[in-house]
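Take a look at the letters that make up each chain.
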Amino acid sequence: MSDPTLQELLVRIQRLEDIEAIKQLKHRYLRSIDTADIVTLTTLLADDIEVDYKGGSYHWAVSGKQNVLDSIAAGFHNRAIAQHTGHHPEIEITSPTTATGLWYLTDSFTHLDSLYVTAGSALYRDNYVKLNGAWQIKRSSYTRIYEIVDRIAQAPNVTFSLLAATGSPPPQ
Amino acid sequence: MSDPTLQELLVRIQRLEDIEAIKQLKHRYLRSIDTADIVTLTTLLADDIEVDYKGGSYHWAVSGKQNVLDSIAAGFHNRAIAQHTGHHPEIEITSPTTATGLWYLTDSFTHLDSLYVTAGSALYRDNYVKLNGAWQIKRSSYTRIYEIVDRIAQAPNVTFSLLAATGSPPPQ
Amino acid sequence: MSDPTLQELLVRIQRLEDIEAIKQLKHRYLRSIDTADIVTLTTLLADDIEVDYKGGSYHWAVSGKQNVLDSIAAGFHNRAIAQHTGHHPEIEITSPTTATGLWYLTDSFTHLDSLYVTAGSALYRDNYVKLNGAWQIKRSSYTRIYEIVDRIAQAPNVTFSLLAATGSPPPQ
(Lines give C-alpha, C1' and ligand atoms only; values in the text may rest on other atoms or scores of the structure.)
Protein backbone atom coordinates (compact mmCIF):
# COMPACT_ATOMS: atom_id res chain seq x y z
CA MET A 1 0.00 0.00 0.00
CA SER A 2 1.36 3.41 -0.88
CA ASP A 3 1.43 5.99 1.89
CA PRO A 4 -1.66 8.17 2.29
CA THR A 5 -1.12 11.90 2.69
CA LEU A 6 -1.70 13.75 5.93
CA GLN A 7 -4.64 15.54 4.31
CA GLU A 8 -6.24 12.25 3.26
CA LEU A 9 -6.00 10.92 6.81
CA LEU A 10 -7.33 14.19 8.21
CA VAL A 11 -10.46 13.96 6.05
CA ARG A 12 -11.15 10.43 7.25
CA ILE A 13 -10.61 11.32 10.92
CA GLN A 14 -12.84 14.38 10.55
CA ARG A 15 -15.64 12.19 9.15
CA LEU A 16 -15.44 9.82 12.13
CA GLU A 17 -15.42 12.76 14.55
CA ASP A 18 -18.44 14.28 12.83
CA ILE A 19 -20.37 10.99 13.04
CA GLU A 20 -19.61 10.75 16.77
CA ALA A 21 -20.56 14.41 17.33
CA ILE A 22 -23.90 13.94 15.54
CA LYS A 23 -24.69 10.83 17.58
CA GLN A 24 -24.00 12.84 20.74
CA LEU A 25 -26.22 15.65 19.46
CA LYS A 26 -29.17 13.30 18.98
CA HIS A 27 -28.44 11.54 22.28
CA ARG A 28 -28.52 14.87 24.09
CA TYR A 29 -31.76 15.78 22.31
CA LEU A 30 -33.50 12.55 23.36
CA ARG A 31 -32.33 12.84 26.95
CA SER A 32 -33.49 16.45 27.04
CA ILE A 33 -37.03 15.89 25.81
CA ASP A 34 -37.76 13.12 28.32
CA THR A 35 -36.52 15.35 31.16
CA ALA A 36 -38.06 18.63 29.86
CA ASP A 37 -34.57 20.17 29.78
CA ILE A 38 -35.46 23.14 27.60
CA VAL A 39 -32.19 24.97 28.37
CA THR A 40 -30.12 22.16 26.86
CA LEU A 41 -32.53 21.78 23.92
CA THR A 42 -31.97 25.44 23.02
CA THR A 43 -28.36 24.65 22.15
CA LEU A 44 -29.20 21.70 19.90
CA LEU A 45 -31.68 23.08 17.39
CA ALA A 46 -31.06 25.28 14.34
CA ASP A 47 -32.93 28.60 14.40
CA ASP A 48 -34.97 27.56 11.36
CA ILE A 49 -35.51 23.93 12.42
CA GLU A 50 -38.40 22.05 10.84
CA VAL A 51 -40.05 19.11 12.59
CA ASP A 52 -42.55 16.73 11.01
CA TYR A 53 -43.61 13.67 13.03
CA LYS A 54 -46.46 11.54 11.70
CA GLY A 55 -47.93 9.21 14.30
CA GLY A 56 -50.90 6.95 13.85
CA SER A 57 -53.01 9.19 16.07
CA TYR A 58 -51.35 12.61 15.51
CA HIS A 59 -49.31 14.69 13.09
CA TRP A 60 -46.87 17.08 14.73
CA ALA A 61 -45.42 19.61 12.30
CA VAL A 62 -43.75 22.75 13.63
CA SER A 63 -41.03 25.08 12.40
CA GLY A 64 -38.77 27.63 14.03
CA LYS A 65 -36.74 26.98 17.15
CA GLN A 66 -38.95 28.82 19.64
CA ASN A 67 -42.10 27.12 18.36
CA VAL A 68 -40.48 23.71 18.66
CA LEU A 69 -39.25 24.45 22.19
CA ASP A 70 -42.71 25.69 23.23
CA SER A 71 -44.33 22.61 21.77
CA ILE A 72 -41.94 20.25 23.57
CA ALA A 73 -42.46 22.11 26.87
CA ALA A 74 -46.22 21.71 26.48
CA GLY A 75 -46.00 18.02 25.54
CA PHE A 76 -43.54 16.85 28.17
CA HIS A 77 -45.59 18.09 31.11
CA ASN A 78 -45.57 17.12 34.77
CA ARG A 79 -48.30 14.46 34.39
CA ALA A 80 -46.41 12.59 31.67
CA ILE A 81 -44.08 9.60 31.81
CA ALA A 82 -42.05 9.67 28.59
CA GLN A 83 -39.48 7.29 27.20
CA HIS A 84 -37.83 7.97 23.82
CA THR A 85 -34.75 5.96 22.92
CA GLY A 86 -32.88 6.28 19.63
CA HIS A 87 -31.37 3.15 18.12
CA HIS A 88 -29.47 2.04 15.02
CA PRO A 89 -27.96 5.34 13.79
CA GLU A 90 -27.04 5.47 10.11
CA ILE A 91 -25.23 8.81 9.81
CA GLU A 92 -23.96 10.09 6.47
CA ILE A 93 -21.69 13.13 6.20
CA THR A 94 -22.73 14.85 2.96
CA SER A 95 -20.37 17.88 3.11
CA PRO A 96 -18.09 19.51 5.71
CA THR A 97 -21.16 21.24 7.21
CA THR A 98 -24.14 19.00 6.34
CA ALA A 99 -25.17 15.47 7.23
CA THR A 100 -28.16 13.14 7.27
CA GLY A 101 -29.23 10.62 9.87
CA LEU A 102 -31.60 7.68 9.98
CA TRP A 103 -32.56 6.41 13.46
CA TYR A 104 -34.94 3.77 14.81
CA LEU A 105 -36.98 5.27 17.65
CA THR A 106 -38.82 3.26 20.28
CA ASP A 107 -41.11 5.32 22.47
CA SER A 108 -43.80 5.20 25.07
CA PHE A 109 -45.80 8.04 26.58
CA THR A 110 -48.18 7.66 29.51
CA HIS A 111 -50.58 10.41 30.51
CA LEU A 112 -51.14 9.92 34.24
CA ASP A 113 -54.50 11.74 34.21
CA SER A 114 -56.21 10.25 31.16
CA LEU A 115 -54.35 6.90 31.59
CA TYR A 116 -53.76 6.66 27.86
CA VAL A 117 -50.49 4.98 26.88
CA THR A 118 -49.10 5.56 23.39
CA ALA A 119 -46.28 3.18 22.46
CA GLY A 120 -44.53 2.26 19.25
CA SER A 121 -41.56 2.72 17.02
CA ALA A 122 -40.66 5.00 14.13
CA LEU A 123 -37.92 5.84 11.66
CA TYR A 124 -36.38 9.28 12.04
CA ARG A 125 -34.91 10.93 8.96
CA ASP A 126 -32.89 13.95 10.06
CA ASN A 127 -30.77 16.68 8.52
CA TYR A 128 -27.95 18.25 10.48
CA VAL A 129 -25.93 21.40 9.90
CA LYS A 130 -22.58 22.48 11.37
CA LEU A 131 -22.51 26.08 12.54
CA ASN A 132 -19.44 27.62 14.19
CA GLY A 133 -18.02 24.14 14.75
CA ALA A 134 -21.11 22.64 16.41
CA TRP A 135 -23.65 20.30 14.81
CA GLN A 136 -27.34 21.22 15.14
CA ILE A 137 -30.61 19.57 14.14
CA LYS A 138 -31.84 21.34 11.02
CA ARG A 139 -34.78 19.11 10.09
CA SER A 140 -36.27 16.05 11.75
CA SER A 141 -39.10 13.90 10.51
CA TYR A 142 -40.42 10.49 11.33
CA THR A 143 -42.95 8.00 10.13
CA ARG A 144 -44.20 5.12 12.24
CA ILE A 145 -43.29 1.45 12.08
CA TYR A 146 -46.15 0.82 14.49
CA GLU A 147 -48.21 2.57 17.12
CA ILE A 148 -50.53 1.19 19.79
CA VAL A 149 -52.76 3.44 21.93
CA ASP A 150 -54.39 1.76 24.90
CA ARG A 151 -56.03 3.00 28.07
CA ILE A 152 -54.77 1.25 31.18
CA ALA A 153 -57.32 0.16 33.78
CA GLN A 154 -55.68 1.88 36.72
CA ALA A 155 -52.89 4.36 37.40
CA PRO A 156 -49.42 2.81 37.56
CA ASN A 157 -47.58 2.90 40.87
CA VAL A 158 -45.14 5.70 40.03
CA THR A 159 -42.34 5.63 42.61
CA PHE A 160 -40.39 8.42 40.90
CA SER A 161 -40.96 10.93 38.11
CA LEU A 162 -38.42 13.58 37.18
CA LEU A 163 -40.96 15.27 34.88
CA ALA A 164 -43.19 15.80 37.94
CA ALA A 165 -40.52 18.30 39.05
CA THR A 166 -39.14 19.65 35.74
CA GLY A 167 -42.32 19.69 33.63
CA SER A 168 -45.00 22.37 33.49
CA PRO A 169 -48.66 21.60 34.25
CA PRO A 170 -50.45 19.93 31.32
CA PRO A 171 -52.07 22.35 28.82
CA GLN A 172 -55.78 22.91 29.59
CA MET B 1 6.23 10.11 22.09
CA SER B 2 7.97 9.30 18.84
CA ASP B 3 6.09 10.01 15.65
CA PRO B 4 3.88 7.24 14.29
CA THR B 5 4.13 6.47 10.58
CA LEU B 6 1.40 7.28 8.09
CA GLN B 7 0.80 3.55 7.63
CA GLU B 8 0.36 3.03 11.38
CA LEU B 9 -2.24 5.80 11.54
CA LEU B 10 -3.98 4.46 8.45
CA VAL B 11 -4.40 1.03 10.04
CA ARG B 12 -5.97 2.55 13.15
CA ILE B 13 -8.33 4.78 11.15
CA GLN B 14 -9.34 1.82 8.98
CA ARG B 15 -10.23 -0.18 12.10
CA LEU B 16 -12.48 2.60 13.39
CA GLU B 17 -14.13 2.96 9.99
CA ASP B 18 -14.73 -0.79 9.80
CA ILE B 19 -16.33 -0.82 13.25
CA GLU B 20 -18.65 2.02 12.25
CA ALA B 21 -19.50 0.31 8.94
CA ILE B 22 -20.36 -2.96 10.70
CA LYS B 23 -22.58 -1.17 13.20
CA GLN B 24 -24.41 0.45 10.29
CA LEU B 25 -24.75 -2.95 8.58
CA LYS B 26 -26.43 -4.48 11.63
CA HIS B 27 -28.55 -1.34 12.15
CA ARG B 28 -29.79 -1.55 8.57
CA TYR B 29 -30.53 -5.27 9.04
CA LEU B 30 -32.62 -4.71 12.18
CA ARG B 31 -34.53 -1.83 10.59
CA SER B 32 -35.18 -3.95 7.50
CA ILE B 33 -36.58 -7.01 9.24
CA ASP B 34 -39.11 -5.01 11.29
CA THR B 35 -40.31 -3.29 8.11
CA ALA B 36 -40.16 -6.38 5.82
CA ASP B 37 -37.75 -4.49 3.56
CA ILE B 38 -36.52 -7.51 1.62
CA VAL B 39 -34.86 -5.38 -1.08
CA THR B 40 -32.52 -3.77 1.43
CA LEU B 41 -31.89 -7.08 3.20
CA THR B 42 -30.65 -8.58 -0.07
CA THR B 43 -27.67 -6.21 0.01
CA LEU B 44 -26.68 -7.05 3.60
CA LEU B 45 -26.34 -10.83 3.64
CA ALA B 46 -23.52 -13.00 2.31
CA ASP B 47 -24.59 -15.54 -0.32
CA ASP B 48 -23.69 -18.41 2.01
CA ILE B 49 -25.03 -16.82 5.20
CA GLU B 50 -25.83 -19.13 8.12
CA VAL B 51 -28.39 -18.17 10.74
CA ASP B 52 -28.96 -20.03 14.02
CA TYR B 53 -31.34 -18.46 16.55
CA LYS B 54 -32.32 -20.50 19.61
CA GLY B 55 -35.36 -19.12 21.39
CA GLY B 56 -37.08 -20.70 24.35
CA SER B 57 -40.01 -21.72 22.18
CA TYR B 58 -38.33 -22.13 18.76
CA HIS B 59 -35.06 -22.88 16.98
CA TRP B 60 -34.58 -21.05 13.71
CA ALA B 61 -31.65 -22.39 11.68
CA VAL B 62 -31.39 -21.56 7.99
CA SER B 63 -28.56 -21.20 5.51
CA GLY B 64 -28.17 -19.58 2.13
CA LYS B 65 -29.25 -16.03 1.33
CA GLN B 66 -32.46 -16.83 -0.52
CA ASN B 67 -33.65 -19.21 2.19
CA VAL B 68 -33.00 -16.60 4.87
CA LEU B 69 -34.83 -13.92 2.88
CA ASP B 70 -37.79 -16.24 2.30
CA SER B 71 -37.93 -17.12 5.97
CA ILE B 72 -37.86 -13.46 7.05
CA ALA B 73 -40.57 -12.58 4.53
CA ALA B 74 -42.76 -15.35 5.95
CA GLY B 75 -42.12 -14.38 9.57
CA PHE B 76 -42.56 -10.63 9.31
CA HIS B 77 -46.05 -10.82 7.85
CA ASN B 78 -48.86 -8.31 7.70
CA ARG B 79 -50.50 -9.48 10.97
CA ALA B 80 -47.31 -9.05 12.99
CA ILE B 81 -46.06 -6.19 15.14
CA ALA B 82 -42.30 -6.66 15.48
CA GLN B 83 -39.70 -4.76 17.42
CA HIS B 84 -36.05 -5.82 17.34
CA THR B 85 -33.46 -3.40 18.70
CA GLY B 86 -29.73 -4.13 18.87
CA HIS B 87 -27.77 -2.79 21.82
CA HIS B 88 -24.25 -2.85 23.25
CA PRO B 89 -22.16 -3.71 20.17
CA GLU B 90 -18.76 -5.27 20.86
CA ILE B 91 -17.18 -5.40 17.40
CA GLU B 92 -13.76 -6.94 16.84
CA ILE B 93 -11.91 -6.62 13.54
CA THR B 94 -10.06 -9.90 13.11
CA SER B 95 -8.46 -9.25 9.69
CA PRO B 96 -8.84 -6.69 6.88
CA THR B 97 -11.88 -8.63 5.63
CA THR B 98 -13.29 -10.45 8.67
CA ALA B 99 -14.83 -9.35 11.96
CA THR B 100 -16.94 -10.61 14.83
CA GLY B 101 -19.74 -8.89 16.71
CA LEU B 102 -21.52 -9.45 19.99
CA TRP B 103 -24.84 -7.61 20.43
CA TYR B 104 -27.57 -7.54 23.06
CA LEU B 105 -30.96 -7.86 21.38
CA THR B 106 -34.26 -6.89 22.95
CA ASP B 107 -37.29 -7.99 21.01
CA SER B 108 -41.02 -8.34 21.04
CA PHE B 109 -43.31 -9.93 18.50
CA THR B 110 -47.09 -9.75 18.60
CA HIS B 111 -49.28 -11.91 16.38
CA LEU B 112 -52.49 -9.93 15.91
CA ASP B 113 -54.54 -13.03 15.07
CA SER B 114 -53.45 -15.50 17.73
CA LEU B 115 -52.75 -12.68 20.26
CA TYR B 116 -49.54 -14.38 21.39
CA VAL B 117 -46.77 -11.99 22.41
CA THR B 118 -43.18 -13.26 22.51
CA ALA B 119 -40.77 -10.91 24.28
CA GLY B 120 -37.27 -11.21 25.59
CA SER B 121 -33.61 -10.57 25.06
CA ALA B 122 -30.72 -12.48 23.54
CA LEU B 123 -27.01 -12.28 22.78
CA TYR B 124 -26.11 -12.24 19.10
CA ARG B 125 -22.73 -13.64 18.07
CA ASP B 126 -22.08 -12.64 14.48
CA ASN B 127 -19.39 -13.04 11.84
CA TYR B 128 -18.95 -10.44 9.14
CA VAL B 129 -17.02 -10.51 5.90
CA LYS B 130 -15.88 -7.64 3.64
CA LEU B 131 -16.53 -8.24 -0.04
CA ASN B 132 -15.69 -5.65 -2.69
CA GLY B 133 -15.37 -3.01 0.01
CA ALA B 134 -18.73 -3.67 1.72
CA TRP B 135 -19.31 -5.58 4.96
CA GLN B 136 -21.90 -8.37 4.93
CA ILE B 137 -23.38 -10.68 7.54
CA LYS B 138 -21.73 -14.08 7.10
CA ARG B 139 -23.07 -15.89 10.15
CA SER B 140 -25.45 -14.83 12.88
CA SER B 141 -26.47 -16.81 15.93
CA TYR B 142 -28.15 -15.98 19.18
CA THR B 143 -29.03 -17.61 22.47
CA ARG B 144 -31.60 -16.19 24.85
CA ILE B 145 -31.08 -14.25 28.06
CA TYR B 146 -34.79 -14.65 28.68
CA GLU B 147 -38.04 -15.22 26.83
CA ILE B 148 -41.65 -14.79 27.91
CA VAL B 149 -44.58 -15.95 25.80
CA ASP B 150 -47.98 -14.73 26.93
CA ARG B 151 -51.38 -14.50 25.28
CA ILE B 152 -53.02 -11.11 25.72
CA ALA B 153 -56.70 -11.00 26.63
CA GLN B 154 -57.76 -8.73 23.80
CA ALA B 155 -56.32 -7.25 20.62
CA PRO B 156 -54.24 -4.09 21.13
CA ASN B 157 -55.56 -0.86 19.68
CA VAL B 158 -53.18 -0.64 16.71
CA THR B 159 -53.31 2.91 15.36
CA PHE B 160 -50.58 2.27 12.78
CA SER B 161 -48.72 -0.72 11.35
CA LEU B 162 -46.21 -0.43 8.53
CA LEU B 163 -46.04 -4.23 8.25
CA ALA B 164 -49.76 -4.21 7.45
CA ALA B 165 -48.73 -2.58 4.16
CA THR B 166 -45.27 -4.05 3.50
CA GLY B 167 -45.75 -7.58 4.83
CA SER B 168 -47.23 -10.57 3.06
CA PRO B 169 -50.23 -12.47 4.44
CA PRO B 170 -49.29 -14.88 7.26
CA PRO B 171 -48.33 -18.39 6.13
CA GLN B 172 -51.28 -20.79 6.31
CA MET C 1 -5.80 23.92 4.93
CA SER C 2 -2.24 23.51 6.17
CA ASP C 3 -1.04 20.00 6.89
CA PRO C 4 -1.61 18.64 10.39
CA THR C 5 1.30 16.91 12.08
CA LEU C 6 1.44 13.17 12.72
CA GLN C 7 1.19 13.87 16.46
CA GLU C 8 -1.95 15.96 15.98
CA LEU C 9 -3.62 13.18 14.02
CA LEU C 10 -2.51 10.60 16.57
CA VAL C 11 -4.17 12.52 19.39
CA ARG C 12 -7.45 12.67 17.48
CA ILE C 13 -7.36 8.97 16.58
CA GLN C 14 -6.53 8.07 20.17
CA ARG C 15 -9.58 10.02 21.38
CA LEU C 16 -11.90 8.14 19.00
CA GLU C 17 -10.37 4.80 20.02
CA ASP C 18 -10.83 5.66 23.70
CA ILE C 19 -14.49 6.57 23.15
CA GLU C 20 -15.09 3.26 21.38
CA ALA C 21 -13.25 1.33 24.11
CA ILE C 22 -15.30 2.99 26.85
CA LYS C 23 -18.56 2.20 25.03
CA GLN C 24 -17.46 -1.45 24.80
CA LEU C 25 -16.57 -1.42 28.52
CA LYS C 26 -20.06 -0.26 29.49
CA HIS C 27 -21.66 -2.62 26.95
CA ARG C 28 -19.79 -5.55 28.48
CA TYR C 29 -20.82 -4.42 31.98
CA LEU C 30 -24.52 -4.28 31.07
CA ARG C 31 -24.42 -7.66 29.34
CA SER C 32 -22.62 -9.16 32.34
CA ILE C 33 -25.02 -7.99 35.04
CA ASP C 34 -28.10 -9.33 33.23
CA THR C 35 -26.40 -12.71 32.82
CA ALA C 36 -24.73 -12.80 36.29
CA ASP C 37 -21.34 -13.13 34.58
CA ILE C 38 -19.25 -12.26 37.64
CA VAL C 39 -16.02 -13.47 36.02
CA THR C 40 -16.29 -10.91 33.22
CA LEU C 41 -17.40 -8.17 35.63
CA THR C 42 -14.20 -8.67 37.64
CA THR C 43 -12.19 -7.38 34.68
CA LEU C 44 -14.30 -4.22 34.20
CA LEU C 45 -14.31 -2.56 37.61
CA ALA C 46 -11.58 -0.51 39.31
CA ASP C 47 -10.44 -1.89 42.67
CA ASP C 48 -11.77 1.20 44.43
CA ILE C 49 -14.97 1.53 42.40
CA GLU C 50 -17.82 3.54 43.91
CA VAL C 51 -21.42 2.91 42.93
CA ASP C 52 -24.37 5.13 43.86
CA TYR C 53 -27.77 4.33 42.28
CA LYS C 54 -30.80 6.20 43.55
CA GLY C 55 -34.06 4.57 42.54
CA GLY C 56 -37.51 5.67 43.60
CA SER C 57 -37.84 2.66 45.90
CA TYR C 58 -34.19 1.99 46.81
CA HIS C 59 -30.75 3.58 47.18
CA TRP C 60 -27.86 1.30 46.27
CA ALA C 61 -24.50 2.71 47.37
CA VAL C 62 -21.49 0.39 47.58
CA SER C 63 -17.74 0.82 47.25
CA GLY C 64 -14.86 -1.52 46.60
CA LYS C 65 -14.76 -4.08 43.80
CA GLN C 66 -15.49 -7.17 45.86
CA ASN C 67 -18.45 -5.52 47.60
CA VAL C 68 -19.91 -4.45 44.26
CA LEU C 69 -19.45 -7.92 42.79
CA ASP C 70 -21.08 -9.54 45.84
CA SER C 71 -23.98 -7.13 45.65
CA ILE C 72 -24.55 -7.79 41.94
CA ALA C 73 -24.37 -11.57 42.51
CA ALA C 74 -27.02 -11.25 45.22
CA GLY C 75 -29.27 -9.01 43.15
CA PHE C 76 -29.17 -10.89 39.84
CA HIS C 77 -30.35 -14.18 41.31
CA ASN C 78 -31.93 -17.22 39.70
CA ARG C 79 -35.51 -16.04 40.29
CA ALA C 80 -34.95 -12.70 38.53
CA ILE C 81 -35.61 -11.61 34.97
CA ALA C 82 -33.44 -8.53 34.37
CA GLN C 83 -33.12 -6.22 31.40
CA HIS C 84 -30.72 -3.26 31.52
CA THR C 85 -29.94 -1.50 28.25
CA GLY C 86 -27.67 1.54 27.95
CA HIS C 87 -28.55 4.18 25.38
CA HIS C 88 -27.34 7.58 24.17
CA PRO C 89 -23.70 7.57 25.32
CA GLU C 90 -22.07 10.98 25.74
CA ILE C 91 -18.43 10.12 26.44
CA GLU C 92 -15.87 12.82 27.16
CA ILE C 93 -12.15 12.07 27.34
CA THR C 94 -10.78 14.37 30.05
CA SER C 95 -7.11 13.25 30.02
CA PRO C 96 -5.11 10.35 28.53
CA THR C 97 -6.24 8.15 31.44
CA THR C 98 -9.57 9.63 32.62
CA ALA C 99 -13.00 10.07 31.05
CA THR C 100 -16.62 10.71 31.92
CA GLY C 101 -19.77 9.19 30.50
CA LEU C 102 -23.44 10.04 30.53
CA TRP C 103 -25.84 7.23 29.52
CA TYR C 104 -29.61 6.81 29.38
CA LEU C 105 -30.58 3.52 31.00
CA THR C 106 -33.86 1.73 30.48
CA ASP C 107 -34.42 -1.19 32.80
CA SER C 108 -36.91 -3.70 34.05
CA PHE C 109 -36.55 -6.26 36.80
CA THR C 110 -39.10 -8.97 37.55
CA HIS C 111 -38.96 -11.04 40.71
CA LEU C 112 -40.59 -14.35 39.80
CA ASP C 113 -41.47 -15.19 43.42
CA SER C 114 -42.90 -11.91 44.69
CA LEU C 115 -44.18 -10.97 41.20
CA TYR C 116 -43.05 -7.37 41.66
CA VAL C 117 -41.88 -5.66 38.46
CA THR C 118 -39.69 -2.57 38.74
CA ALA C 119 -39.34 -0.68 35.45
CA GLY C 120 -38.06 2.74 34.49
CA SER C 121 -35.23 4.80 33.14
CA ALA C 122 -32.30 6.68 34.62
CA LEU C 123 -29.30 8.81 33.73
CA TYR C 124 -25.93 7.26 34.50
CA ARG C 125 -23.02 9.60 35.25
CA ASP C 126 -19.81 7.58 35.18
CA ASN C 127 -16.09 8.10 35.63
CA TYR C 128 -13.62 5.86 33.87
CA VAL C 129 -9.90 5.35 34.38
CA LYS C 130 -7.31 3.77 32.07
CA LEU C 131 -4.97 1.34 33.82
CA ASN C 132 -2.28 -0.59 31.95
CA GLY C 133 -3.99 0.26 28.66
CA ALA C 134 -7.49 -0.89 29.64
CA TRP C 135 -10.42 1.31 30.63
CA GLN C 136 -12.26 0.47 33.86
CA ILE C 137 -15.32 1.82 35.63
CA LYS C 138 -14.08 4.00 38.50
CA ARG C 139 -17.36 5.52 39.65
CA SER C 140 -20.94 5.03 38.49
CA SER C 141 -24.02 6.84 39.72
CA TYR C 142 -27.53 7.25 38.45
CA THR C 143 -30.66 9.16 39.25
CA ARG C 144 -34.06 8.21 37.91
CA ILE C 145 -36.05 9.76 35.08
CA TYR C 146 -38.96 7.61 36.20
CA GLU C 147 -39.71 4.41 38.06
CA ILE C 148 -42.86 2.31 38.25
CA VAL C 149 -43.24 -0.63 40.65
CA ASP C 150 -46.24 -2.85 40.06
CA ARG C 151 -47.19 -6.33 41.14
CA ILE C 152 -48.42 -8.50 38.30
CA ALA C 153 -51.49 -10.65 38.83
CA GLN C 154 -49.92 -13.91 37.80
CA ALA C 155 -46.50 -15.31 36.95
CA PRO C 156 -45.37 -14.68 33.37
CA ASN C 157 -44.94 -17.70 31.10
CA VAL C 158 -41.14 -17.83 31.14
CA THR C 159 -40.01 -20.04 28.25
CA PHE C 160 -36.32 -19.37 28.91
CA SER C 161 -34.19 -17.77 31.61
CA LEU C 162 -30.40 -17.76 31.52
CA LEU C 163 -30.28 -16.39 35.09
CA ALA C 164 -32.11 -19.53 36.22
CA ALA C 165 -28.86 -21.33 35.37
CA THR C 166 -26.19 -18.70 36.07
CA GLY C 167 -27.70 -16.93 39.08
CA SER C 168 -27.49 -17.95 42.74
CA PRO C 169 -30.61 -18.57 44.84
CA PRO C 170 -32.24 -15.33 46.04
CA PRO C 171 -30.96 -14.01 49.39
CA GLN C 172 -33.17 -15.10 52.31
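Scroll up to find the structure.
Residues numbered from 1 in each chain as written. Chains lettered and ligands numbered in written order. Predicted model: local features only at pLDDT ≥ 70, side-chain atom pairs only at ≥ 80, totals over all residues. Heavy atoms only, no water.

Engineer: Looking at this structure, I do not really get the overall build of chain A. What am I missing?
Structural biologist: Looking only at helices and strands, chain A features 4 helices and 7 strands. Reading the secondary structure of chain A in the N-to-C direction produces α-α-β-β-α-β-β-β-β-β-α. With respect to the three principal axes, the spread of C-alpha positions in chain A is 70 × 30 × 30 Å. Residue burial in chain A is summarised as follows: out of 172 residues, 53% are buried. For chain A, contacts bridging at least 24 residues in sequence account for 60% of all contacts bridging at least 6. Carbon and sulfur atoms form 53% of the exposed surface of chain A, whose accessible area is close to 7300 Å². Charge-centre separation for chain A: the mean point of 15 positive side chains lies 2 Å from the mean point of 19 negative side chains. (Helix = DSSP H or I, 4+ residues; strand = E, 2+ residues; numbered from the N terminus. Buried < 20%, exposed > 50% of the residue type's maximum accessible area, 1.4 Å probe, protein only. Contact = heavy atoms within 4.5 Å. Areas by Shrake-Rupley, 256 points an atom, 1.4 Å probe, with all protein chains shown as cover. Lys, Arg positive; Asp, Glu negative; His and termini not counted. Charge placed at Lys NZ, Arg CZ, Asp CG, Glu CD.)

Engineer: I keep staring at empty space enclosed by the protein and nothing clicks. Help me out?
Structural biologist: Once rolled over the atoms, a probe with the size of a water molecule shows which space is left empty. This model, assessed by the stated rule, comprises 5 cavities of 30 Å³ or more. Approximately 290 Å³ is the volume attributed to the largest cavity. Along the walls of the largest cavity sit 21 residues, with A:His27, A:Pro89, B:His27, B:Pro89 and C:Pro89 positioned nearest its centre. Elements with a minimum of two residues in the lining of the largest cavity: α1 (6–34) and β3 (80–95) of chain A, α1 (6–34) and β3 (80–95) of chain B together with α1 (6–34) and β3 (80–95) of chain C. Put simply, the second largest cavity is a space of about 180 Å³. Every residue along the wall of the second largest cavity is listed here: A:Leu16, A:Ile19, A:Glu20, A:Lys23, B:Leu16, B:Ile19, B:Glu20, B:Lys23, C:Leu16, C:Ile19, C:Glu20 and C:Lys23. At the level of secondary structure, the elements contributing two or more residues to the lining of the second largest cavity comprise α1 of chain A, α1 of chain B together with α1 of chain C. (1 Å grid on protein atoms, 1.4 Å probe; cavity = no way out; pocket = protein on both sides within 12 Å on 5 of 7 lines; lining within 4 Å. Points joined across faces, edges and corners; volume = space filled by probe spheres on them.)

Engineer: Could you clarify how one ought to interpret the relation of the copies chain B and chain C in this entry?
Structural biologist: The pair of chain copies shares a relation made of a rotation about an axis and a shift along it. Once chain B has been moved 0.0 Å along the axis and rotated by 120 degrees, it coincides with chain C to within an RMSD of 0.0 Å. These values place the two chain copies in the arrangement generated by a three-fold rotation axis. Minimal C-alpha distance to the rotation axis in chain B is attained by B:Ile13, lying at 4.0 Å. Here only 16% of the contact residues of chain B are again contact residues in chain C; the copies associate through non-equivalent surfaces. (Least-squares fit on C-alpha atoms with pLDDT ≥ 70 in both.)

Engineer: Could you clarify how one ought to interpret the environment of C:Lys130 in this entry?
Structural biologist: Residue and element names in this part refer to chain C. Secondary-structure assignment places Lys 130 in strand β5 (residues 116–131). With 32 residues separating them along the chain, Lys 130 and Thr 98 place their C-alpha atoms 6.3 Å apart. When neighbours within four sequence positions are excluded, Lys 130 is seen to be in contact with Gln 14, Asp 18, Pro 96, Thr 97 and Trp 135. A polar contact of 3.0 Å, which involves the side chain of Lys 130, links it to the side chain of Asp 18. (Polar contact = N/O pair within 3.5 Å; in protein donor to acceptor, adjacent residues only side chain to side chain.)

Engineer: Explanation requested: the relation of the copies chain A and chain B in the structure shown.
Structural biologist: Taken as rigid bodies, chain A and chain B are interconverted by a rotation of 120 degrees and an axial shift of 0.0 Å, the fit giving an RMSD of 0.0 Å. The two copies present different faces, since only 16% of the interface residues in chain A are matched by interface residues at the equivalent positions in chain B.

Any link to function would need more than the numbers given here.
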